[in-house]
Each structure stands twice: as C-alpha cells, then as structure tokens.
Amino acid sequence: MTSTPYDRDDLLAFLVGYGVALGAGDLDALTDGLAYPSVIIEADRSVVVPDAEAARSSLGGMLASRREEGLVAAVPEIKAVEQVGDALLWVDVRWSFKDENASEAAADRARYLVRRGRDTFELCVVVPVEE
C-alpha cells in the first residue's frame, strides 16, 4: 500500500496559523485545530480532550500564563515528519515563543499525530518533548 504524500507547505501553513492563534490567544482558532477527542500524553499522565469546550477550558489557563510572561507570538519549526498513513503524520515541532520585541523568550517542543481532515490538518495526539 502506497501512502499519498503530504504537502509540506500545507502542513507548515497549518502550524503557522496555529502559532498565530497561540500568540493572539484565539481560543476558537486553537480549538478548531484539534480533532475530538484528542489526547495529550505526558510522562506521568494522559489527558483526553473530548470536545471544544474542554479544550477551551484547558487552553485558557496556558494562554493566560503565556500572556503574563509577555509572550505574543509562537513560531513553529518543523524538525521532522513521518508519514504513517494516507491521512496521518507524526510531526516534531519546535516552538519559538516571542516577546513584543520579536526576541525568543521561551521555546518548547512537541510531537503531534496530525490527521488531514476538514480540508486542513487537525491535531489528534499531543506529546510534549523535553529538550
């Protein structure tokens, strides 16, 4: 079975849009970028995010803390992509969080299981990666 290749530009556009939403604190755009249910897998727990309401509740606090830290933008850098099916990709992303002077004030990494759906991509599984 041969997988249909993904379009790297489309994937990057999705992640850039997600980063813009992170920087702007746009909960609606962030929740639109998730599949439901989605799963966040950390070293000590797994969290199922069943719907947009639960995602808004979960993301709201994280966005507030980013704003308190003075972070206003999130810029993705795709480190690696592994295609695992026609519509599924494992994507390793480094996020550079910028302050109002466009200086990197923080960074983190995550791996996402991403599915092409609804004419774009959606995040199905989020795995924070320790650097």
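Note that residues are indexed from 1 along each chain, following the sequence as it is written. It should be noted that, the model being predicted, local features are given only for residues of pLDDT at least 70 and side-chain atom pairs only at 80 or more, the latter also being counted only at that level, while totals for whole chains, interfaces and linings use all residues. For side-chain calculations, the full set of non-hydrogen atoms in the structure is used, while hydrogens and water are omitted.

Undergrad: I'm lost on the layout of surface pockets in this one. Help?
TA: In this analysis, the protein atoms alone were mapped onto a 1 Å grid. Cavities are point sets where a 1.4 Å probe fits without being able to get out; pockets are open sets with protein on both sides within 12 Å along at least five of seven lines; lining residues have an atom within 4 Å of a point. Grid points are joined across faces, edges and corners, and a volume is the space filled by probe spheres set on the points. Its boundaries defined by the atoms lining it, the largest pocket holds a volume of some 570 Å³. In this structure, the largest pocket is lined by 24 residues; those nearest its centre are I40, L59, M62, V126 and P128. Comment: elements are numbered from the N terminus, with helices defined as DSSP H or I runs of at least four residues and strands as E runs of at least two. Mapped onto the lining of the largest pocket, the elements with two or more residues apiece are α1 (8-24), β1 (34-41), β2 (46-49), α3 (52-68), β4 (88-99), β5 (104-117) and β6 (120-129). Element by element, the count of residues in the lining of the largest pocket is highest for α3, at five residues.

Undergrad: I tried to follow the nonpolar core on my own but got confused; where do I start?
TA: The nonpolar side chains of soluble globular proteins are, as a tendency, buried together. Counting 26 residues, the largest nonpolar core has L11, L15, V91, W95 and Y112 as the members making the most contacts within it. At the level of secondary structure, the elements contributing two or more residues to this core comprise α1, α3, β3 (71-83), β4, β5 and β6. At six residues, α1 tops the list of elements feeding residues into this core. To qualify as a nonpolar core, a set must consist of buried Ala, Val, Leu, Ile, Met, Phe, Trp, Tyr and Cys residues joined through side-chain atoms within 4.5 Å. Accessibility here uses a 1.4 Å probe with only protein chains present; expressed as a share of the type maximum, an area under 20% marks a residue as buried, one over 50% as exposed, and anything in between as partly exposed.

Undergrad: Quick question: what am I supposed to make of α3 here?
TA: Each turn of an α-helix holds 3.6 residues, which means side chains three or four residues apart point in the same direction. With 17 residues, α3 ought to run about 24 Å at 1.5 Å a step, and its terminal C-alpha atoms sit 24 Å apart, in line with that. The sharpest bend along α3 comes to roughly 30°, located at L59. Restricting attention to buried positions, one finds in α3 the residues A55, L59, L63 and R66. Immediately beyond the C-terminal end of α3, within one or two residues, lies G70, with a positive phi of roughly 85°. Given a helix with a known number of residues, its expected span is that number minus one, times 1.5 Å. The term bend refers to the angle at a residue between two fitted axes, each drawn through seven residues, those ending there and those starting there.

Undergrad: Sorry, what's going on with the confidence of the model for the chain here?
TA: Regions with low pLDDT carry predicted coordinates that are not meant to be interpreted in detail. The pLDDT averaged across the chain works out to 91; a share of 96% of its residues lies at or above 70. Looking at any residue, its pLDDT shows the predictor's confidence there, from 0 to 100. Looking at the elements of the chain, mean pLDDT is at its lowest for α3, recorded as 89, and at its highest for β4, recorded as 96.

Undergrad: Before we go on, may I ask you to explain the sheet that holds β5 in this structure?
TA: What links the strands of a sheet is backbone hydrogen bonding, and the strands pair in either a parallel or an antiparallel sense. Ordered by their spatial adjacency, six strands build an open sheet running β2-β1-β6-β5-β4-β3, and the pairing between neighbours is mixed. Unpaired on one side and paired on the other, β2 and β3 mark the two borders of the sheet. When the angles between neighbouring strand axes are averaged without regard to direction, this sheet yields 25°. Being paired, for any two strands, means DSSP has found at least two bridges between them. Direction of pairing for β1 relative to β2: antiparallel, over a ladder of four bridges. Residue I41 lies in a different strand from β2, and its bridge partner there is S46. Set on the sheet, α1 makes contact with β1, β3, β4, β5 and β6; between it and β3 the angle comes to about 150°. Axis definition: a line fitted to C-alpha atoms, over the contacting stretch in the case of helices. Angles run 0 to 180 degrees between N-to-C directions. Residue contacts are counted whenever heavy atoms from the two residues lie within 4.5 Å of one another.

Undergrad: What exactly am I supposed to notice about the packing of aromatic side chains here?
TA: Aromatic rings considered in pairs are described by the distance between their centres and by the relative angle of their planes. Only rings of Phe, Tyr and Trp enter the pairing, Trp through its six-membered ring, and a pair is recorded when the two centres are within 6.5 Å. The plane angle decides the type: under 30 degrees is stacked, over 60 is edge-to-face, the rest tilted. Enumeration according to the criterion identifies three aromatic pairs in this entry. A ring is scored as having a charge over it whenever the NZ atom of a lysine or the CZ atom of an arginine sits within 6 Å of its centre and within 35 degrees of its normal. One cation-aromatic arrangement involves R66 over F97; the distance from NZ or CZ to the ring centre is 3.8 Å.

Undergrad: Sorry, what's going on with the environment of D108 here?
TA: Considering the arrangement of structural elements, one finds D108 in strand β5. With a relative accessible area of 25%, D108 lands in the partly exposed category. A sequence separation of 14 residues divides D108 from R94, and the C-alpha atoms of the two residues are 5.8 Å apart. In terms of polar contacts, D108 uses its side chain to reach the side chain of R66, at 3.0 Å. As used in this structure description, the phrase polar contact means that two N or O atoms lie within 3.5 Å; if the pair is within protein, one of them must be able to donate a hydrogen and the other to accept it, and residues adjacent in sequence are counted only when both atoms belong to side chains.

Undergrad: In this structure, what is going on with the side chain of E122? I would like to understand it.
TA: With respect to the helices and strands, E122 occurs in strand β6. On the accessibility criterion, E122 (8% relative accessible area) is buried.

Undergrad: How should I be thinking about the pairing of β6 in this particular structure?
TA: Two faces make up the sheet, and in a regular strand the side chains alternate between them. Relative to β6, β1 runs parallel, the two sharing three bridges. Following the sheet pairing, L34 is matched in β6 by L123. Pairing of β5 with β6, which is carried by nine bridges, proceeds in the antiparallel orientation. Along β6, the bridge assignment pairs R111 with V127.

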